[in-house]
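# Structural characterization, general
Below are the chains, spelled out letter by letter.
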2 protein chains.
Amino acid sequence: MSPDERWFPSHLREIAPDECLELLAAHEVGRVAYSDERGPVVLPVNYSLDRDTILIQVSPHSVLARHLDAAPASFQIDDFDDYSQSGWSVLVRGQASYVDTADLPDDQARPHTWAEGQRTLHIRITPHDISGRRLLSA
Amino acid sequence: MSPDERWFPSHLREIAPDECLELLAAHEVGRVAYSDERGPVVLPVNYSLDRDTILIQVSPHSVLARHLDAAPASFQIDDFDDYSQSGWSVLVRGQASYVDTADLPDDQARPHTWAEGQRTLHIRITPHDISGRRLLSA
């Protein structure tokens, strides 16, 4: 991905993978993306970072459960400020798969979902690519 | 899409299409999603709302130009508050296509991009589905 794909190079900085992981560890809402027969879908979710993987918790009857079983998926977080016209984004590309309960981390490292509901299914997105960009103020 | 896919029904409200368009008209940064051979990709962009379509402006040599030429695409905006654990999201699913200069709206209705650069190509996402959800505080 060339630096000018989203932002002009003069005000763009790549975010190193380590800092991408720090940003992922510091937030709790992101967006998961999958593709169905009509194209890509982007939905907000609570998540946690487990080592370098993304954990989300869903209902087994949800559209996310249906589309994130051994499937390509992305996970994205960002933050922008309208006043300074600056911000950053992190994109995790990888593979989503169901998680056996035995493979879940301790409670505190699991996602804390804001919404109630029977979210008994955990899904892990294992990255093959983590990238980030920062747009500085002009 | 059933109401419990993202949030538990008790705190979830559907956002009517008219209000989705109002939210889209009131913001200037969103996320465009496309699919390539490795799965979905989500990238932040400035945009404008032109009637019920999304306009973005890109470099003709960018990855977005390459993947948004007569292709399925989505556009997403959201806003969440960590403290009240509430927020909303709007998802536009549609078809992306290049825009002839003659079909562009007046300057003020075109996207205003924060980043500099030779963004001579406009892309329009024409929706076939606009949906939104609001998560109320518990």
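Residues numbered from 1 in each chain as written. Chains lettered and ligands numbered in written order. Predicted model: local features only at pLDDT ≥ 70, side-chain atom pairs only at ≥ 80, totals over all residues. Heavy atoms only, no water.

Moving on, we get to the overall build of chain A. Helix and strand content of chain A: two helices and eight strands. Reading chain A from its N terminus to its C terminus gives the helix and strand order β-α-β-β-β-β-α-β-β-β. Counting only C-alpha atoms and orienting by the principal axes, one finds that chain A spans roughly 45 × 35 × 25 Å. Here chain A, with 138 residues, has 56% of them falling under the buried criterion. Relative to all contacts within chain A whose residues are 6 or more apart in sequence, the contacts with residues 24 or more apart total 70%. (Helix = DSSP H or I, 4+ residues; strand = E, 2+ residues; numbered from the N terminus. Buried < 20%, exposed > 50% of the residue type's maximum accessible area, 1.4 Å probe, protein only. Contact = heavy atoms within 4.5 Å.)

Counting from both sides, the interface comprises 45 residues of chain B and, opposite them, 44 residues of chain A. Summing the contributions of chain B and of chain A, the shared interface buries around 4300 Å²; its carbon and sulfur component is 59%. Counting across the chain B and chain A interface gives four salt bridges. A salt bridge links Arg31 of chain B to Asp78 of chain A; its shortest N-O distance comes to 2.6 Å. (Buried area = accessible area lost by both parts, 1.4 Å probe. Salt bridge = Lys/Arg side-chain N within 4 Å of Asp/Glu carboxyl O.)

On to the nonpolar core, then. In this structure, Leu68 and Phe75 of chain A together with Leu68 and Phe75 of chain B are the most contacted members of the largest nonpolar core, which totals 62 residues. With near-sequence residues (within four places) excluded, Phe75 of chain A lies in contact with Leu24, Gly30, Arg31, Val32, Val45, Tyr47, Ile54, Val90, Leu91, Val92 and Ile125 of chain A. (Core = buried A, V, L, I, M, F, W, Y, C linked by side-chain atoms within 4.5 Å.)

Two copies of one chain are present, and they are related through a rotation about an axis combined with an axial shift. For these two chains of identical sequence, chain B goes onto chain A by a turn of 180 degrees and a shift of 0.0 Å along the axis, with RMSD 0.0 Å. The symmetry that links the two subunits is that of a two-fold axis. For chain B, the minimum C-alpha distance to the rotation axis belongs to Pro40 of chain B and amounts to 3.0 Å. (Least-squares fit on C-alpha atoms with pLDDT ≥ 70 in both.)

Now for helix 1 (residues 17-25) of chain A. Residue and element names in this part refer to chain A. Turning to helix 1, its buried residues number three or more, namely Cys20, Leu23 and Leu24. Viewed along the axis of helix 1, the buried residues span an arc of 100 degrees, placing them on a single side of the element. In helix 1, the exposed positions that point more than 90 degrees away from the buried face belong to Asp18, Glu22 and Ala25. The elements touched by buried residues of helix 1 are strand 1 (12-15), strand 4 (48-50), strand 5 (53-58), strand 6 (71-81), strand 7 (86-98) and strand 8 (121-135). (Arc of directions from axis to C-beta.)

Below, the discussion takes up the environment of Ser89 of chain B. Tracing the chain through its elements places Ser89 of chain B in strand 7 (residues 86-98). Sequence separation between Ser89 of chain B and Arg134 of chain B is 45 residues; the distance between their C-alpha atoms is 6.6 Å.

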